[in-house]
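Breakdown of the fold
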Amino acid sequence: MNNNENTSPNKAPTHKSKSDPIVEVSGLCKWFGDFCALFDINFSVNFGEKIVICGPSGSGKSTLIRCLNQLEEHQIGTIRIDGKEVKPGMKNIEEIRREVGMVFQSFNLFPHLSVLDNLTIGPIRNRGMNKNDASEMAMELLDRVHISEQANKFPMQLSGGQQQRVAIARALCMKPKLMLFDEPTSALDPEMISGVLDVMVELAEGGMTMICVTHEMGFARQVGDRVIFMDDAEIVETSDPETFFSNPETDRAKLFLSQLLSH
Amino acid sequence: MVVADPPLTKKRPKVATSFSQTARTSLQIFQAIIVFSILAWVSYRGALAMDYNWQWYRVPRFFYRVVDGDIIWGPLVLGFIETLRLAGISIIFAILIGLVTAFARLSNSLAGKWIATFYLEAIRNTPLLVQLFLFYFVLAPIFGMDRFWAGVLCLSFFEGSFASEIIRGGIVGVSKDQYEASDAIGLNPFDKYTKIIIPQSLPLILPPLTGLVISLIKHSAIVSVIAVSELTTAGMNLISETFMAFEIWFIVAGIYLALTVTLSAGVSLFERHLEKGKY
């Protein structure tokens, strides 16, 4: 890798200014059967912004970010990622997914592939990168998530926290313009959480655009530009983290925060 | 005299085998020897009492003869090779048919689903022997197949229906998370299946598929009714020449047994190799 411009996946592309939206969602509705999971969702995310989505379970947070890369298909409304409209059942959805990294609650690493192969399969299969370049890039990323010494192990031999950091590196390997985190620390033992959050903070500081579903208030305050609070399939409140956590506007947010703090 | 206990450490201590354990093991071994001796004695007496003229000494020449320093393979070896060829080609076709049918059933294509379901129901609810006659007496003349290929196709379609359910089960058995993870990094459907889903379904597919291969080898004996010159046919021919029915059927059964047991052992080794060091 001699081209330093492109080696850093968390660096926002230079041709876009910070005020251009990378995600635009308007009038988004989604039902599972008759159950309304998302109702009239409108928001946009600019390049380099860090959004934290929180809310009670079942409020539609995960469904919302899963609609962004079409792991769930919506029924009404429009989603634009980097200007391109994302439609249910579209033919070349892979091209959009390659620009959007995703980290899951349960890591979802490929158990039959080594850590290194988990990272390189995307660039090799999707970008036609050769194995050596891909490995070199993967090792850099593993180094950045502080886990390069585990490159040749298999996922099941790692702890949950290590697996989640590998999963973050795997998503970064596709050099995404946007990273989605779906409760990345919820399935982790308490002592593993900080390692993963540290990696996410470093990523945020590197300028990556991020949308995180998480209840980690420390993380939200430290890196979040905005908090979106969802309840019952709707966006109830959007504000900056300081205001949201210390002085929420709506009763529903107050109730949620009091439950979050009292446990 | 008091002997101080060694200090307790986290290393698991060795515990000596107790007398009662040793006694129990010895009893089991003794019991096994008695049972096997009785079985051997009963078989021996039974064989004598039958007043059958056992001619085991004649069996080796059915495997091979040495004439002027050259080895001439006997009918059992030639039949065995033909059985291998028949089963080998059939299993490849059966797996291909199984793959296509499994994906047709999993696909969204209505035509694919219907054809696959019809094929499965038709094959699984009619006797194999009747299918063989259909292939040999009806389809073979139409398509100009010889008896070997009629047998191969019949076995392939028969076992293919079971292979498809095994493969489908393996693919469905891979967790939804793995599909989502492949989608999330933008793999196209072909890469998703060949690099992620199918490799992970192999450990689920291989054990029942081994059972299928074994059942195919056993079912291949049925093509003797259309006189394909495989092992069972070779055995029948030998018996009609020599009247050594007992020896030859034992030998034929023994060859099938050796083949299938070797195969399962081989596949177990391969499975262990696949899983090695991953968990």
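**Focus: helix H10 (residues 251–262) of chain A**
Residues and elements named next belong to chain A. Taking 1.5 Å of rise per residue, the 12 residues of H10 would be expected to cover 16 Å, and the 16 Å separating its terminal C-alpha atoms lies within 8% of that figure. Those residues of H10 that fall on the buried side of the exposure criterion are Ala253, Phe256, Leu257 and Leu260. Seen from one end, H10 has its buried residues packed into an arc of 95°, which puts them on one side. Summarising the geometry of H10, the exposed residues directed more than 90 degrees from the buried face are Asp251 and Ser262. Each element contacted by the buried residues of H10 is listed here: strand E3 (50–54), helix H8 (217–223), strand E9 (226–231), strand E10 (234–239) and helix H9 (241–246).

**Considering the pairing of strand E4 (residues 76–81) of chain A**
Residue and element names in this part refer to chain A. With 5 bridges connecting them, strand E1 (residues 21–32) and E4 associate as antiparallel partners. Counterpart to Val25 in the pairing with E4 is Ile79. Joining the antiparallel neighbours E4 and strand E5 (residues 84–85) is a turn of 2 residues, in which Asp82 adopts a positive phi near 50°.

**Concerning the packing of helix H4 (residues 115–127) of chain A against helix H6 (residues 160–172) of chain A**
All names here are of chain A. Taken N-terminus to C-terminus, the directions of H4 and H6 make an angle of 25°; their axes are 8 Å apart at the nearest point. The angle between H4 and H6 places the two elements in the roughly parallel class. For the pair H4 and H6, the crossing hand works out as right-handed. Here Val115, Asn118 and Leu119 of H4 lie close against H6, whose contacting residues are Val166, Ala169 and Arg170. Looking at the contact of H4 with H6 residue by residue, the classes come out as 4 nonpolar, 1 polar and 1 charged.

**Thoughts on the interface of chain A and chain B**
Across the boundary between the two partners, chain A contributes 25 residues, which contact 21 residues of chain B. Interface of chain A and chain B: buried area, both sides summed, is about 2100 Å²; carbon and sulfur atoms make up 57% of it. Looking at the side of chain A facing chain B, the largest losses of area belong to Phe110(A), His112(A) and Arg125(A), adding up to 28% of the total buried there. Where chain A meets chain B, there are 3 salt bridges. Between the two partners, chain A and chain B, sit 7 residue pairs in polar contact (both at pLDDT 80 or more). If one sorts the elements of the side of chain A that touches chain B by residue count, H4(A) sits on top with 4 residues. Of the residues in the side of chain A that touches chain B, the class split is 12 nonpolar, 7 polar and 6 charged.

**Here we look at the confidence of the model for chain B**
Taken residue by residue, chain B gives an average pLDDT of 91. The fraction at 70 or more is 98%. Among the scores for the predicted complex, ipTM is 0.87 and pTM is 0.79.

**Here's the deal with the sheet that holds E5(A)**
Within a sheet, adjacent strands bond to each other through the backbone by hydrogen bonds, running parallel or antiparallel. All names here are of chain A. The sheet built from 4 strands is open, its strands ordered E2-E1-E4-E5 with antiparallel pairing. Of all strands in the sheet, those with a lone pairing partner are strand E2 (35–46) and E5, marking the two edges. Running over the sheet, helix H2 (residues 61–68) touches E1, E2 and E4 and is turned about 120° from E1.

**Concerning the packing of aromatic side chains**
Throughout the structure, instances matching the rule amount to 18 aromatic pairs over all chains. Here Phe229(A) and Phe244(A) contribute two aromatic rings whose centre-to-centre distance is 5.7 Å and whose plane-to-plane angle is 35°, an arrangement assigned as tilted. Here the residue Phe229(A) occupies a position in strand E9, and Phe244(A) occupies one in helix H9, the gap between them amounting to 15 residues. There is no split in this pair, since Phe229(A) and Phe244(A) are both buried. Judged by centre distance (5.6 Å) and plane angle (90°), the ring pair of Phe148(B) and Trp149(B) falls under edge-to-face.

**Topic: the environment of Ser164(B)**
Residue and element names in this part refer to chain B. Within the secondary structure layout, Ser164 lies in helix H6 (residues 147–173). A relative accessible area of 0% means that Ser164 is categorised as buried. Separated by 118 residues in sequence, Ser164 and Gly46 have C-alpha atoms that sit 46 Å apart. Excluding anything up to four places from it in sequence, Ser164 contacts Gly98, Thr101, Ala102 and Leu120.

**Notes on the nonpolar core**
In a soluble, globular protein the nonpolar side chains are often hidden away together inside. Val23(A), Ile53(A), Leu68(A), Ile81(A) and Ile211(A) are the most contacted members of the largest nonpolar core, which has 69 residues in total. For this core, the element with the most residues is helix H8 (residues 189–219) of chain B, which contributes 8 residues. One finds Val145(A), Ala171(A), Leu172(A) and Cys212(A) within the second-largest nonpolar core, a separate group that totals 39 residues.

**Some details on the sheet that holds strand E6 (residues 100–103) of chain A**
All names here are of chain A. Here 6 strands make up an open sheet; going across it, the order is E6-E7-E8-E3-E9-E10 and the pairing mixed. On the outer flanks of this sheet lie E6 and E10, each paired with one strand and no other. Here the strands of the sheet are splayed against their neighbours by 20° on average, with no regard to which way each runs. Pairing geometry for E3 and E9, over 4 bridges, is parallel. Residue pairing across strands places Cys54 opposite Phe229, the latter belonging to E9. Seen against the sheet, H2 touches E3, E6, strand E7 (178–182), strand E8 (209–213) and E9 and runs at an angle of roughly 150° to E7.

The rules behind these values
- Position numbers for residues start from 1 in each chain and track the written sequence from start to end.
- Throughout, the order in which chains and ligands are written sets their labels, letters from A for the former and numbers from 1 for the latter.
- A pLDDT threshold of at least 70 governs which residues receive local features in this predicted model, and a stricter bar of 80 or more applies before side-chain atom pairs are shown or counted, although totals over entire chains, interfaces and linings include all residues.
- As a convention, hydrogens and water are excluded, and side-chain values are obtained from all of the structure's heavy atoms.
- Going along the chain from the N terminus, every DSSP run of H or I of four or more residues is numbered as a helix, and every run of E of two or more is numbered as a strand.
- To estimate how far a helix should extend, the number of its residues minus one is multiplied by 1.5 Å.
- For every residue, the accessible area (1.4 Å probe, protein chains only) is compared with the maximum for its type, and the residue is labelled buried under 20%, exposed over 50%, or partly exposed between those bounds.
- It is the directions from the helix axis to the C-beta atoms whose arc is reported.
- Residue contacts follow a heavy-atom distance rule, with two residues in contact if any of their heavy atoms lie within 4.5 Å.
- Only when DSSP finds a minimum of two bridges between them are two strands counted as paired.
- Axes here refer to lines fitted to C-alpha atoms; in helices the fit is confined to the stretch in contact. Angles between the N-to-C directions go from 0 to 180 degrees.
- These descriptions rest on fixed angle ranges, namely under 35 degrees for roughly parallel, over 145 for roughly antiparallel, 65 to 115 for roughly perpendicular, and the rest for oblique.
- The crossing is said to be left-handed when, going from far helix to near helix, the turn is anticlockwise and less than a right angle, and right-handed when the turn is clockwise.
- Under the convention adopted here, Pro, Cys and the residues Ala, Val, Leu, Ile, Met, Phe, Trp and Tyr are nonpolar, Asp, Glu, Lys and Arg are charged, and Gly plus all remaining residues are polar.
- Accessible surface is computed with a 1.4 Å probe, and the buried area is the amount of it that two parts give up when combined, taken over both parts together.
- Criterion for a salt bridge: a side-chain nitrogen of Lys or Arg within 4 Å of a carboxyl oxygen of Asp or Glu.
- Contacts described as polar in this section are N or O atom pairs within 3.5 Å, which, within protein, must combine one atom able to donate a hydrogen with one able to accept it, while residues neighboring in sequence count only if both atoms come from side chains.
- pLDDT expresses, on a scale from 0 to 100, how confident the predictor is about each individual residue.
- Stacked, tilted and edge-to-face are the three classes assigned to paired rings of Phe, Tyr and Trp, where Trp is represented by its six-membered ring and a pair needs centres within 6.5 Å; plane angles under 30 degrees give stacked, over 60 edge-to-face, the rest tilted.
- Only buried Ala, Val, Leu, Ile, Met, Phe, Trp, Tyr and Cys residues count toward a nonpolar core, and they belong to the same one when joined by side-chain atoms within 4.5 Å.

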